[in-house]
Every structure is written in C-alpha cells, then in structure tokens.
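# Results of the structural survey
Now for the letters of each chain:
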Amino acid sequence: RLTLHLDQPGAAVSPGLYGLMTEEINFSYEGGLYGELIRNRSFKDSAKTAAFWSLLPGGSTSAKATMSLDKEKPVGPALPVSLRVDVTEAGDGVGIANEGYWGMAVRPNTTYKGSLFARGSGGSGQPLSVSLQSKDGKTVFASAEVAAPGTEWAPVHFSLVTGAGVQPTADARFVIRARAAGSYWFSLVSLFPPTYKDRLNGNRPDIMQLLADMKPAFLRLPGGNYLEGNTFSQRWDWKKTIGPVEQRPGHLSPWHYRSTDGMGLLEFLGWCEDLHMEPVLAVFAGYVLNRDYIEAGPFLQPFVDDAVDEIEYVTGDVHTKWGARRAADGHPDPFPLHYIEIGNEDGFDASGSYEGRYAQFYDAIKAKYPQLHIISTVGGKDGLGGRFPAPAGRTEIVDEHYYRNAWQMEENAGQYDHYDRSGPKVFVGEWATREGDPTTNFNAALGDAAWMTGMERNSDLVIMSCYAPLFVNVNPGGMQWRSDLIGYNALTSFGSPSYYAQQLFSTHLGDSIVRLSWENIPTQTQQLTAKDSAAGVQPKKIDALFFSATRDTKKGVIHLKVVNTQGVDQNMMIDVAGAGKVATAGVAWTLNADSPTETNTISEPTKIVPVKYGVRGLGKSFRWTFPAYSIMVMDIPFT
Ligand code: AHR
C-alpha cells in the first residue's frame, strides 16, 4: 500500500534536478555531436601518416602521385602540418579521400558547406574538383569545382548539394581531385552538413533533438577526466578552444584520441543556449590524471586567474576584457551562470592538496563573483569524494559520482532519505547503472529509475544530477566506456532504455515534493556471485518497487512514478491523503520490456519506448496494477 501525503507540506523540488554532463569520450563530439564530417581535418591524428586519408589513383593506369605530411611553410601555429600531394601523372584525375568517422552521412536535397586551406605549384591553373561519393567511388552524390590553388596559402569555400534521388547513407567519403601534374598542399579540410538551428560550426540535429526531448536544465561542461587531461599540457585549456577554428591547436583527450577543440567553450555555451540550459562551468583546478598537481600558492595562481577569466568570458559584458573577446567571437550577450565546479574527482588526489587548491579558487571567484555557487568535487558520501572531508568552511555543494549495477542502484535508492540536511547540498554530477553495451539495457533503466525516485524524493538536498557518459559512437572502436545513454553512427542515433526512463522523469516533474509512505511492499532477493555463494554470503532482500511523487501546484497535477523491478505484475492500493478532490481519469506512460536484457540498438532504435495512454478509475483511494519490469509515470489531476 502506497500513501501520497498531500496533507503534509512538501519541500520545493529543485528546478535544476535533471541536466546533462558532457566530455570528449566515446567520440562524443568528434564523430558525434559536433557536425564536422572530415576526420583528421588538420592532419594531426598521427605524426607519421595522414590517418583516415587515402590516395586515389586516377582512372588511367599511368597516373602517379604520392602523399605525405609536410611541416614546411605551415598555415600558422595551430596548423603546423599539411598534407602534400605530388602528382607526376594526373591521368583522369588523382585524388585524396577522407573516410570520415566510420563513413559520412549523405542525405537527399542537402547542402554541405566545405572549406579548406590550399596552396600549389604546377597544376597548370586547372581547378580542383571536390565531391561526396560512395566509398567505392562508383556513385557521386554531389560535386563542385574550386579554383586552382595559388602559391600562397588561401582559404577556399565551396558547397556540395545533393539531389532528390540520393538515398540516405553513411557509405560515403569526401574526395579532392587534381587534373594536372603538380604539387598541392592542403590543411584544415572541413565539411559540415546542416546543423541544429543552423549554427555555424554547430551540432548534429538528430542528436540535439534527442537531448531537447529530455528538457535538461543544465550542462556540466566540460566534465569528467576530459577537464583534467592526462598531463598539464593535455588539460582542457579553455583559452585554446575559442576563436576561429584555424587558431585552435586541439589536444589529446584522456580517452586516447585527439580533440580538434572545434567544440570549444563558445560552442558549449551555444549548445546551452539552443536547449535553454544553463552552463554548470567546471574549471581546471591544478590536478591531472597522472596524479601530478600544483599545490596552493603562487604557482597555482595562473590557473586561478584563468578560471576567473573564463567566468568573465561567459558572463562579462562587452566592456570587460573577456566579454569583449566573446563578442568578437560572435556572441555579444553574456550567458547566465550560477554554478562553478572546481576540478573533477579530486578525491583521487591522494596528496590531499585539494583543500588548499579549492580554497584558492573559491576565494578568488567569490571575491569577484560573490553570487556564484561553488561546487566541491570531494566531501560527498560516495566512495570517491568521501575519502576526504569537504573543504572546511567553504563547502556549499558537493559533487558525488555513482557508477553501479542495477542491484546496487536499487539497494541504495533510499540513501538520500537519511542524509544530514544541515550539510552541503548534493550535485550527483555523474551517475549510471552500468549494464548493457554500448548503450544500457532495460535492467539498467530499472536501476536508473529506482535511483531517480530517490533523488526526486530528496530534491531539497539533491539539487542537480546528470548521467554519464551521455554519448557513444557505436562503431567498433567508438566506445571507451560502456553503458552509455545515447548511441549513434554517422547516419542515425537512438536513445537507450535509460534515456527514455530519464526523459519520462525529467519531463514530469512538479514543483513540490509529495511525502510518501508505503507498507507491505514485495521484495527481491540479491543474486550472489558464485564466489560469494561459495563463501557462504547470505543474499540480501530489498524492496522490489520504488516510488516518488511530486506535485505541480500551478496545474494541479500529481506526477506519480512507480518502478517495478520484477518479472511479475504488482497490484497495490494507492491512497491520496489530504486532497480536496482527485480526478478519476488521468494520463500514464509506461516503459517496459519482456526481459531486463532487452535493449534498443542502432538497427532497432525504438524497441523500448514509453507508451502513453489514458487511465480511469483513479480517486482518493484506488487499486492499480504495475506491469512486470516497468517504469510508470501517472499524471493525476487534483485540487
Ligand atoms: O564518465 C566517465 C568517467 O568517469 C569520467 O571521465 C570521470 O569523471 C569518471 O571517473
């Protein structure tokens, strides 16, 4: 039996409870959200070869050409290397081809905007041709000519327009062909499809739409190991991620591939603007993944100054130094900002230097921006942050991270019910049920949903949360971290069952928490590992059903969420105590599966999606059956 206590006052629900976390992992931007189609556009992915580029022989057997990386006469400091192509016999046209990120998406009636830097010698003044074509070269989807390059570097812009007859495909490559013998140099070769809201240097519309459908409140940017980098030189150095892309050097991400930094600070902010999210700005805090750190003091100060400058870039008006720089970069209006996070997972810094580093950042930021709320990455109750106490006297919010299996999520779904309310607020800055690969399965969604009921019941304390990792490119080699929320290849994208669980929760959230009580709830029994069984460990029993409820006081609707983790229907009484009137009809959404291992995939993207339907027979006291393996949201009108 479940009772919804409308007769008792409810604490306010945090309006920022559900947000997004982002970092370059699993080809999140490169080959993911960032629209760029050309892989290794600046020829930096390998020091030895032009990775992801190939030389195409001309149609005639006499064609002869070589290609090599060249450091002579670079375009500029951020583009120190170019691709040199020496054509001795052009035949019908010698070419170079880029294979993209596991192919390139080509669609009908679409304009692709391209640009490159080129120079040449010889070439008889013949134009170059550029095209999008099938990987075997047999089908040309779109082509254009660009003027023969001169002897000095110059940018070239072109458009490739596909016709109505083109079938959507990822089986495509980008080709540049020369028709005359000569030497040619290329750098920063770029090709963009239409982007979300037509932003220049923007994002893939299909993935943005999946995110928009979650109605996230904020973006933690950039989070995770990506902020820190393996070494100091590989940290996320925001000043190197702004301005024209040809001035961004890019860097090696800790997830073993290069980031062009085409997705830079202003692009993150544009992403926030497009989805009406607020940035939660994570600043580099002087600790890197190889455990190197800079203690508080004068050597840390340049990093603190960088963080203060970064806040000015985000929020300063055009009369400030960095606000003026943002305006020059194309965005005169400041962005809203309320939260700053100092570092990422600094509980791993066994030296204990975080307390001093945190204090130095905190004091400098608060001195200039007293209105900002500061988040500490240690001091939470999780195994990681909990190694060290929260930095003394200055901790407002702690970031806790949880990566667990479904049982652990369900076992701990009530952990915040018992947290001390007099301490810091909690930001669950990374959490996920890690079951399923590359994206999560339905059992993970059940664990996630159980966990979210706990965050919602306690959203006076848990003011923000975001799942991680958000993205994965599902191609072989695309994943560095399993069990991700949204998967994609070059052409299409899909939400995992966990995605739909989160979407249901975040789009049905009231402004006031409804206190709940329950009794006689069926239980589930822990499945032990063979080792634990052999060691005589006794399996635990926990609840099999999980609940949360919030009310929208303006609309007069209760959003009831019930998670049934077991393979049998559960019938129970629901009492609404203290309501004047409860409608007999409402609306419900159910996300369920026949088996917990079922999932969505790139070829079966919507196998598990919420089903919406009208419900009758509600009231102040009613009986309801919650289907086996299900996550249900019920909107109940009341006065
Ligand atoms: O989300 C994957 C990684 O998990 C993040 O980069 C890091 O913060 C955490 O350890």
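An unreviewed UniProt entry lists the protein chain under the name non-reducing end alpha-L-arabinofuranosidase, with Puia dinghuensis as the source organism. Under the UniProt heading Catalytic activity (unreviewed entry), the note attached to the protein chain is "Hydrolysis of terminal non-reducing alpha-L-arabinofuranoside residues in alpha-L-arabinosides." The Sequence similarities (unreviewed entry) comment attached to the protein chain in UniProt states, word for word, "Belongs to the glycosyl hydrolase 51 family."

Before going further, it helps to examine the overall build of the protein chain. Across its full length, the protein chain carries 10 helices and 35 strands. Here the C-alpha coordinates of the protein chain stretch approximately 85 × 60 × 55 Å along the principal axes. Here the protein chain, with 639 residues, has 49% of them falling under the buried criterion. A sequence separation of at least 24 residues applies to 77% of the contacts in the protein chain between residues at least 6 apart.

A word on the site of the ligand. Close to the ligand lie Glu23, Ile25, Gly224, Asn225, Asn344, Glu345, Glu430, Ala468, Pro469 and Trp481. Taken together, the residues of the shell around the ligand sort by class into 4 nonpolar, 3 polar and 3 charged.

Counting 131 residues, the largest nonpolar core has Leu219, Val283, Ile342, Leu446 and Ile631 as its most contacted members. Of all the elements, helix α8 (residues 442–457) adds the most residues to this core, at 9 residues. Two domains share this core, each providing at least three of its residues, namely domain 1 (2–9 + 515–637) and domain 2 (18–35 + 196–509). Leave out the neighbours within four places in its chain, and Leu446 touches Ala406, Val563, Thr565, Pro596, Tyr629 and Ile631. Residues Ala105, Val106, Val130 and Phe186 belong to the second largest nonpolar core, which totals 41 residues.

Another point: the domain arrangement of the protein chain. As far as domains go, the protein chain holds domain 1 (2–9 + 515–637), domain 2 (18–35 + 196–509) and domain 3 (53–192). Taking only C-alpha atoms into account, the centre of domain 1 sits 30 Å from that of domain 2. Counting from both sides, the interface comprises 28 residues of domain 1 and, opposite them, 30 residues of domain 2. Sorting the residues of the side of domain 1 that touches domain 2 by element identifies β29 (545–552), β30 (557–564), β32 (586–592) and β35 (630–637) as the ones contributing at least two each. At 4 residues, the largest contribution of residues to the side of domain 1 that touches domain 2 is made by β29.

Further remarks concern the sheet that holds strand β2 (residues 18–21). Sheets are built from strands that pair by backbone hydrogen bonding, the pairs being arranged parallel or antiparallel. Strand order in the closed barrel formed by 8 strands is β2-β13-β16-β17-β18-β19-β20-β21, and the pairing between neighbours is parallel. Each strand of the sheet is rotated relative to its neighbour by a mean of 30 degrees, with strand direction disregarded. Two strands pair when backbone bridges link them, and strand β17 (residues 339–342) and strand β18 (residues 373–376) are joined in this way by 4 bridges, in the parallel orientation. Across the sheet, residue Tyr339 finds its bridge partner in β18, namely His373. Contacting β16 (278–283) and β17, helix α4 (residues 301–315) crosses the sheet at an angle of about 165 degrees to β16.

Further remarks concern unusual backbone geometry. The omega angle of the peptide bond from Asp437 to Pro438 is 5 degrees, so this bond is cis rather than trans. Relative to the helices and strands, Pro438 resides in the loop between β20 (425–433) and α8. Geometrically, the link from Ala468 to Pro469 is a cis peptide bond, its omega value of -15 degrees lying close to zero. On the secondary structure map, Pro469 appears in the loop between β21 (462–467) and β22 (471–473). Notably, Leu188 is not glycine yet its phi reads approximately 40 degrees, a positive angle. Structurally, Leu188 is set in strand β12 (residues 182–192). With a phi angle near 75 degrees, Arg291 is a residue other than glycine that sits in the positive phi range. Relative to the helices and strands, Arg291 resides in the loop between β16 and α4.

Turning our attention to the pairing of strand β33 (residues 611–615). For β33, a buried count of 0 out of 5 residues is recorded, marking the element as mostly open to its surroundings. One ladder, built from 5 bridges, connects β32 with β33; its direction is antiparallel. Paired with Val587 across the two strands is Gly614, which belongs to β33.

Here is what the cut-offs are and how they apply
Residues numbered from 1 in each chain as written. Predicted model: local features only at pLDDT ≥ 70, side-chain atom pairs only at ≥ 80, totals over all residues. UniProt positions renumbered as here; feature names shortened; annotations may be inferred. Helix = DSSP H or I, 4+ residues; strand = E, 2+ residues; numbered from the N terminus. Buried ≥ 20, exposed ≤ 12 C-beta atoms within 10 Å, placed from the backbone. Contact = placed C-beta atoms within 7 Å. Near = placed C-beta within 6 Å. Nonpolar A, V, L, I, M, F, W, Y, C, P; charged D, E, K, R; others polar. Core = buried A, V, L, I, M, F, W, Y, C linked by C-beta atoms within 7 Å. Domains from an automatic or database assignment. Pairing = 2+ DSSP bridges. Axes fitted to C-alpha atoms, helices over the stretch in contact; angles between N-to-C directions.

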